[in-house]
Amino acid sequence: MKPDDLSERLLDLAVRVGKVVDALPDTRLGRHIAGQLVRSGTSPAPNYEEACAAESRRDFIHKVRIALKELRETRCWIKLIMRSELLPEARMSELANEADEPCKILGQSLVTARRNEERSKAQRVKPTPK
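Residues numbered from 1 in each chain as written. Predicted model: local features only at pLDDT ≥ 70, side-chain atom pairs only at ≥ 80, totals over all residues. Heavy atoms only, no water.

The name given to the chain in an unreviewed UniProt entry is Four helix bundle protein, with Stieleria neptunia as the source organism.

Novice: Please set out helix 2 (residues 28-42) residue by residue, giving values where relevant.
Specialist: Helix length check: helix 2 (15 residues) gives 21 Å between terminal C-alpha atoms against 21 Å at 1.5 Å per residue, within 8%. Along helix 2, the residues that are buried comprise G30, I33, A34, G35, L37, S40 and G41. On its buried face, helix 2 is in contact with helix 1 (3-23), helix 3 (44-52) and helix 4 (57-84). (Helix = DSSP H or I, 4+ residues; strand = E, 2+ residues; numbered from the N terminus. Expected span 1.5 Å × (residues − 1). Buried < 20%, exposed > 50% of the residue type's maximum accessible area, 1.4 Å probe, protein only. Contact = heavy atoms within 4.5 Å.)

Novice: With reference to specific residues and values, describe the pattern of salt bridges.
Specialist: Enumeration according to the criterion identifies 9 salt bridges in this entry. Where R16 meets E94, a salt bridge forms, and the shortest distance between an N and an O atom there is 3.5 Å. Note that R16 is positioned in helix 1 and E94 in helix 5 (residues 89-124), a separation of 78 residues in sequence. Using a relative accessible area of 24% as the deciding quantity, one classes R16 as partly exposed. When the shortest N-O distance is used, the salt bridge between R75 and D100 registers 2.5 Å. Separated by 25 residues along the polypeptide, R75 in helix 4 and D100 in helix 5 bring together distant segments of the chain. (Salt bridge = Lys/Arg side-chain N within 4 Å of Asp/Glu carboxyl O.)

Now the structure itself:
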């Protein structure tokens, strides 16, 4: 998957999250979840965009890690909506899948970036022959 494709998926997820937030009931629990979900569900897209423009590999890793944390939080709020039966599970299960797939992609991206960072460090610190 190209970075632009993932950016688009994260933007689409943010839009869907916004629609779910607007559909939540105006109850104490609904309002609480809505506030949390709108923050966590709309932040992965801009955080990923920042990662794509990172100034270094470490900066990239840091920003992708933030995007991944927000996606995981979003997944948790979606599961809570389903378990609390605030919205129909049929509507929410598709959104849960949409949040899960970028989690896997970003998680793998972090693994790869960390591995590349370790390789780079190892190459810079090669012992000098005697």
